Amino acid sequence: MVKQKILATLSNITSVRTQVDGYRQRFQDLKPWWPILIPFLLWRGKRAYDRELKAVGVKLGEAALKKAQEQHKLEQQQTKLIETQAKINQKTKKGRN
């Protein structure tokens with residue numbers, strides 16, 4: 001039982017090693033293209049990064065704008081509350097006098 005598992009594991013390792021060697025060989029076949037391929041991949045990666053950063057920035061900007069609007073509404077409500085409280089205080093002072 002254990003021997004079969006060990007043999008199965010070794011055969012898996014052999015097949016994985018064969019696949020890795022195949023990928024390595026294909027990569028070596030691309031070696032003459034490296035001066036073109038690597039800058040191209042870097043450029044594409046930078047573009048994708050900038051696009052994602054912009055998308056996240058827009059989302060953060062929208063969230064900040066929404067928060068600022070909510071804060072402004074709260075300040076307006078607080079101002080109205082203070083004004084109303086002042087009017088009530090003036091009316092009660094007039095009623096006492």
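Residues numbered from 1 in each chain as written. Predicted model: local features only at pLDDT ≥ 70, side-chain atom pairs only at ≥ 80, totals over all residues. Heavy atoms only, no water.

A.B. asks: What should I look at first to understand the overall build of the protein in this one?
C.D. replies: Helix and strand content of the protein: 2 helices and 0 strands. A compact globule built from 97 residues should have a C-alpha radius of gyration of about 13 Å, whereas the protein, at 35 Å, is more than 25% larger. Dimensions of the protein, computed from the C-alpha atoms along their principal axes, are close to 100 × 50 × 10 Å. The buried share of the protein, taken over its 97 residues, is 0%. Distance from the positive charge centre (21 side chains) to the negative charge centre (8 side chains) of the protein: 5 Å. (Helix = DSSP H or I, 4+ residues; strand = E, 2+ residues; numbered from the N terminus. Rg over C-alpha atoms; globule rule 2.2 N^0.38 Å. Buried < 20%, exposed > 50% of the residue type's maximum accessible area, 1.4 Å probe, protein only. Lys, Arg positive; Asp, Glu negative; His and termini not counted. Charge placed at Lys NZ, Arg CZ, Asp CG, Glu CD.)

A.B. asks: What should I look at first to understand the packing of aromatic side chains in this one?
C.D. replies: How two aromatic rings sit relative to each other is set out by the distance from centre to centre and by the angle between their planes. Applying the stated rule across the entire model yields 1 aromatic pair. A ring pair is formed by Phe40 and Trp43, whose centres lie 6.0 Å apart and whose planes are at 45°; its orientation type is tilted. With Phe40 and Trp43 both in helix 2 (residues 34–96) and 3 residues apart, this pair spans about one turn of that helix. A relative accessible area of 43% means that Phe40 is categorised as partly exposed. (Phe/Tyr/Trp six-rings, centres within 6.5 Å; stacked < 30°, edge-to-face > 60°.)

A.B. asks: I would appreciate a short explanation of the pattern of salt bridges in the present structure.
C.D. replies: A pair can form between side chains of opposite charge whenever their charged atoms are brought close. Under the counting rule described, the total for this entry stands at 2 salt bridges. Between Asp21 and Arg24 there is a salt bridge, and its shortest N-O distance comes to 3.0 Å. With Asp21 and Arg24 both in helix 1 (residues 2–29) and 3 residues apart, the pair spans about one turn of that helix. (Salt bridge = Lys/Arg side-chain N within 4 Å of Asp/Glu carboxyl O.)

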